[in-house]
Amino acid sequence: MLILLPPSESKATRSRGAPLRAERLSFQTLTAPRGQVARALARASARPDAAAVLGVSPALGEEISRNTRLATAPTLPAGELYTGVLYDALDLSGLDAESGRRARRRLLVISALYGAVRPADRVAPYRLSMGVNLPGVGPLAGFWRPHLEAALPAAAGRGLVVDCRSSTYAAAWVPQGPLAERWVTVRVPGATHMAKHTRGLVARALTEEATDPRRPAALVELLRPSFEVTLHEPARPGRPWVLDVLPA
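What comes next is a walk through the structure.

How each quantity is defined
- Residues numbered from 1 in each chain as written.
- Predicted model: local features only at pLDDT ≥ 70, side-chain atom pairs only at ≥ 80, totals over all residues.
- Heavy atoms only, no water.
- Salt bridge = Lys/Arg side-chain N within 4 Å of Asp/Glu carboxyl O.
- Helix = DSSP H or I, 4+ residues; strand = E, 2+ residues; numbered from the N terminus.
- Buried < 20%, exposed > 50% of the residue type's maximum accessible area, 1.4 Å probe, protein only.
- Core = buried A, V, L, I, M, F, W, Y, C linked by side-chain atoms within 4.5 Å.
- Contact = heavy atoms within 4.5 Å.
- Pairing = 2+ DSSP bridges.
- Axes fitted to C-alpha atoms, helices over the stretch in contact; angles between N-to-C directions.

### Concerning the pattern of salt bridges
Part 1 of the reasoning: With the rule as written, the count across this model stands at 13 salt bridges.
Part 2 of the reasoning: Glutamate 98 is the salt-bridge partner of arginine 101, the closest N and O atoms lying 2.7 Å from each other. Of this pair, arginine 101 and glutamate 98 both sit in helix α6 (residues 97-106), three residues apart, roughly one helical turn.
Part 3 of the reasoning: Residue classification places arginine 101 among the partly exposed residues on the basis of a relative accessible area of 39%.
Part 4 of the reasoning: The class of glutamate 98 is partly exposed, set by a relative accessible area of 36%.
Part 5 of the reasoning: The closest approach of N and O atoms between arginine 224 and glutamate 221, which form a salt bridge, is 3.0 Å.
Part 6 of the reasoning: Three or more residues are tied together by salt bridges with common partners; here these are Glu9, Glu63 and Arg127.

Take a look at the structure:
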């Protein structure tokens, strides 16, 4: 099973630590595109109009400036880097040892800078959204799509792809072919805060569960004790199953 997560806008930082070691990150085929985006981001972040280019408030000057020091900044595991509502609900640090090992295997964060990272990958804090049209690279979702299509299907193996991404990040990789038949999007009716919180709870429940479901219907049975769930068949071939989820 592969559980796809969006990153968070808010990110933790460290004052000390080792810099990025690109050769130690998961998905080594993404090394070259990661470097291309990092260099373009550093250039864009040094511009006087950097905030406008990146689509953020000028008040975030320190976070923008941090983008120019990605190669030397202290890194931390992606599982600690991302914060906010979804990651608070996921609470990786509160998992027991066995669940933590499953989390490192099953969870995958789709990133505008790094493409895709596992929780244990050590990366530098950054400020960049997948919705940005980055000078020198172009629209990031379109840039990453072929690279992720080449890298991620093998990570899913024969299991389900459980998609907890927002629409902006979902555009960066769409499972194709037979894998699309095992693609389930988690949909949470209601406000954005509730949606993020519930997706975090779903991701946590799936890391705590040793069972590795291979069919969307089996995912329903696994989650039903803790959530109200309704499964909808794909609207057409190549589209995902949709799992409506509410806390029980």
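### Here's the deal with the nonpolar core
Part 1 of the reasoning: Judged by nonpolar contacts, the single largest core of 80 residues is most densely connected at Leu5, Leu128, Leu134, Leu140 and Leu223.
Part 2 of the reasoning: Take this core: its biggest share by element is six residues, from helix α7 (residues 140-151).
Part 3 of the reasoning: Dropping the residues within four chain positions of it, leucine 140 is found in contact with Val37, Ala112, Leu128, Ser129, Met130, Val132 and Leu134.

### Side note on the sheet that holds strand β3 (residues 107-111)
Part 1 of the reasoning: Reading across the sheet, the seven strands line up as β4-β3-β1-β8-β9-β11-β10 and stay open at both edges, with mixed pairing between neighbours. In the strand order of this sheet, the two ends are held by β4 (115-117) and β10 (227-232), each with one partner. Averaged over all pairs of adjacent strands, the angle between strand axes in this sheet comes to 25°, irrespective of strand direction.
Part 2 of the reasoning: With three bridges connecting them, β3 and β4 associate as antiparallel partners. Residue valine 109 lies in a different strand from β4, and its bridge partner there is valine 117.

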